[in-house]
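Chains, contacts and geometry: an overview
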There are 2 protein chains.
Amino acid sequence: MAFGTQALQRLPLYLRVLRELAREGRAYASGAALAGALGIEPVVVRKDLARTGVRGTPRVGFPIAELIAELERLTGADREVMAVLAGVGRLGSALLGYPGFRRQGLRIVAAFDAAPERCNLVLAGTPVFPVATLVETVLRLGAPLGILTVPAERAQRVAEQMVAGGVRAIWNFTPARLDVPDEVLVQREDLAVSLAVLLHRIQERNA
Amino acid sequence: MAFGTQALQRLPLYLRVLRELAREGRAYASGAALAGALGIEPVVVRKDLARTGVRGTPRVGFPIAELIAELERLTGADREVMAVLAGVGRLGSALLGYPGFRRQGLRIVAAFDAAPERCNLVLAGTPVFPVATLVETVLRLGAPLGILTVPAERAQRVAEQMVAGGVRAIWNFTPARLDVPDEVLVQREDLAVSLAVLLHRIQERNA
């Protein structure tokens, strides 16, 4: 029943293919078909599907509707999670307008920025407030998730304000390492790290 | 000498801490100090550093300058890699303006967009050309890396144009799965996947 990080990353991919098959009117899908569509090893798909607890039938496959429901539960896409976002620069604006988040159950209910000209606007349906009101607004809204897209040098301070407002998880898009209480979950999204991995892989190919 | 993906992701973090220590005038760093600064298990740091081939001295530590040079080599930060970017929307613009890339050796030499009003501009130092000129421009520039930030439904087509222009690696920020020749390296940067992992972790905490 427990999924590792690598397996968790595959679940949304299965969901996408299964939803497509459902739209085509299919009721059953085989592990081999999923593996083929995604270019993942069949043995890996088989193990992942076994862990969902949904039972397949030999030569018929897995019931798509049931598998979608279980994968949505496992990835949290069957519930709405409220989030606030701090830092409405280019990256923050891109995230506010990202169409896939809503489908996955993420609802960004408020954004914050330090620049007065960006405040009291509504961006992609989300109101933007002065960062000075962050703590009280987050307390009032009860959002459990904070998305951090401020400049690195402000990251720690804004993270502390988010925690003071009661968020229990922070999605950190800054390169700063955050010092927050242990019970606050932090997930880093570090493009510099991804780039380093990519450049290393390119170099290995060339060697 | 071979690093797994998890280890590769730690190398830029070591680099950041080591550069800070170098700026403070320090010449040696212990694995334990790096582990402490980054909140990584000391045994993991020790193994990573051993794989770099740089020798430490007991009770003195590792020579910082040598370790930085080797980590830069391993992460590709000691060379410039030319890249082109297709899709100058919010995410594309955010990446063009991302300050960390340049320091890591990534040089985005040209951008492309389908919208005439975005073309023939210079954004964050990068000229933006009509996407119709992509193949010839990439051929002319000889950029080995393509960054894909177009809408998902255009991803496959633009990827094919990048490959026709000679790129050997694609950094794919769209949710589309690309069908490209095996020799073209594809690295996906899928926020939907990251979000699913995050929501699952929040859910596990709450359970």
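In case you missed it, the structure is sitting above this.
So, here's what we can say about the structure. (Residues numbered from 1 in each chain as written. Chains lettered and ligands numbered in written order. Predicted model: local features only at pLDDT ≥ 70, side-chain atom pairs only at ≥ 80, totals over all residues. Heavy atoms only, no water.)

**Quick word on the packing of aromatic side chains**
Residues and elements named next belong to chain A. Where we set the bar: Any two rings among Phe, Tyr and Trp, with Trp reduced to its six-membered ring, count as a pair given centres within 6.5 Å; such a pair is stacked if its planes are under 30 degrees apart, edge-to-face if over 60, and tilted if neither. A helix here means a DSSP run of H or I that spans at least four residues, while a strand means a run of E at least two residues long, and both kinds are numbered starting from the N terminus. With a 1.4 Å probe rolled over the protein chains alone, any residue whose accessible area is under 20% of its type maximum counts as buried; one over 50% counts as exposed, and the rest are partly exposed.
Within the structure shown, the criterion is met by eight aromatic pairs over all chains. An angle of 40 degrees between the planes, with centres 4.5 Å apart, marks the rings of Tyr98 and Phe101 as tilted. With a centroid separation of 5.7 Å and an interplanar angle of 55 degrees, the aromatic rings of Phe101 and Trp171 are classed as tilted. With Phe101 in helix 6 (residues 99-103) and Trp171 in strand 8 (residues 169-172), this residue pair connects regions lying 70 residues apart in the sequence. Comparing Phe101 with Trp171, the two get one shared label, buried.

**Side note on unusual backbone geometry**
The bulk of non-glycine residues show a negative phi, and the bulk of peptide bonds are trans. Of note in the backbone geometry, Ala124 of chain A takes a positive phi value of approximately 50 degrees without being a glycine. Tracing the backbone through its elements, the reader meets Ala124 of chain A in the loop between strand 5 (122-123) and strand 6 (126-130). Its identity as a non-glycine residue notwithstanding, Asn120 of chain B has a phi of 60 degrees, on the positive side. Here Asn120 of chain B lies in the loop between strand 4 (106-113) and strand 5 (122-123). Residue classification places Asn120 of chain B among the exposed residues on the basis of a relative accessible area of 64%.

**A few points about the interface of chain B and chain A**
Applied cut-off: Contacts between residues were defined by any pair of non-hydrogen atoms, one from each residue, lying within 4.5 Å. Put simply, buried area is how much 1.4 Å-probe accessible surface two parts lose in total, over both of them, once they are put together. Here a salt bridge means any side-chain nitrogen of Lys or Arg lying within 4 Å of a carboxyl oxygen belonging to Asp or Glu. Polar contact criterion, stated in full: a pair of N or O atoms within 3.5 Å, where within protein one must be able to donate a hydrogen and the other to accept it, and residues adjacent in sequence count only if both atoms are side-chain atoms.
Of the residues lining the interface, 55 residues belong to chain B; the matching set on chain A comes to 55 residues. Of the roughly 5300 Å² buried between chain B and chain A, counting both surfaces, carbon and sulfur atoms make up 62%. At the junction of chain B with chain A, the criterion picks out zero salt bridges. Taken together, the connections running from chain B to chain A amount to eleven residue pairs in polar contact (both at pLDDT 80 or more). The set of elements that each furnish at least two residues to the side of chain B that touches chain A consists of helix 1 (5-23), helix 2 (31-38), helix 4 (64-75), helix 5 (90-96), strand 8 (169-172), strand 9 (185-188) and helix 9 (191-206) of chain B. Ranked by residue count, the leading element in the side of chain B that touches chain A is helix 9 of chain B, at 15 residues.

**Details of the sheet that holds strand 9 of chain B**
Residues and elements named next belong to chain B. The following threshold applies: A pair of strands is considered paired only if DSSP assigns at least 2 bridges between the two. In this description, a line fitted to the C-alpha atoms serves as the axis of each element, helices being fitted only across the stretch in contact, and the angle between N-to-C directions of two axes falls anywhere from 0 to 180 degrees.
Within the open sheet, the seven strands sit side by side as 5-6-4-3-7-8-9. Their pairing is mixed. Each of the sheet's edge strands pairs with one partner strand only, and the pair in question is strand 5 and strand 9. The sheet contact formed by strand 5 and strand 6 (residues 126-130) spans two bridges and is antiparallel. When the bridges of strand 6 are listed, Val122 appears paired with Pro127. Strands in contact with helix 7 (residues 134-141) are strand 3 (81-86), strand 4 and strand 6; relative to strand 4, the strand with the most contacts, it is inclined by about 160 degrees.

**Section: helix 9 of chain B**
Cut-off, in case you're wondering: By definition here, a helix of n residues has an expected span of 1.5 Å times n minus one.
Between its terminal C-alpha atoms helix 9 of chain B stretches 22 Å, which fits the 22 Å expected from 16 residues at 1.5 Å a residue. Those residues of helix 9 of chain B that sit buried are Leu191, Ala192, Val193, Ser194, Leu195, Ala196, Val197, Leu198, Leu199, His200 and Ile202 of chain B.

**What to know about the relation of the copies chain B and chain A**
Each of the two chain copies can be generated from the other by rotation about an axis followed by a shift along it. Test applied: Residues below a pLDDT of 70 in either copy are left out; the C-alpha atoms of the rest, at least 70 in both, set the least-squares superposition of the copies.
Expressed as a screw operation, the relation of chain B to chain A combines 0.0 Å of axial shift with a rotation of 180 degrees, fitting to an RMSD of 0.0 Å. The superposition operator between the copies reduces to a two-fold rotation axis. Taken together, the interface assignments show that 100% of the residues at the interface of chain B recur at the interface of chain A, consistent with an identical surface on both copies.

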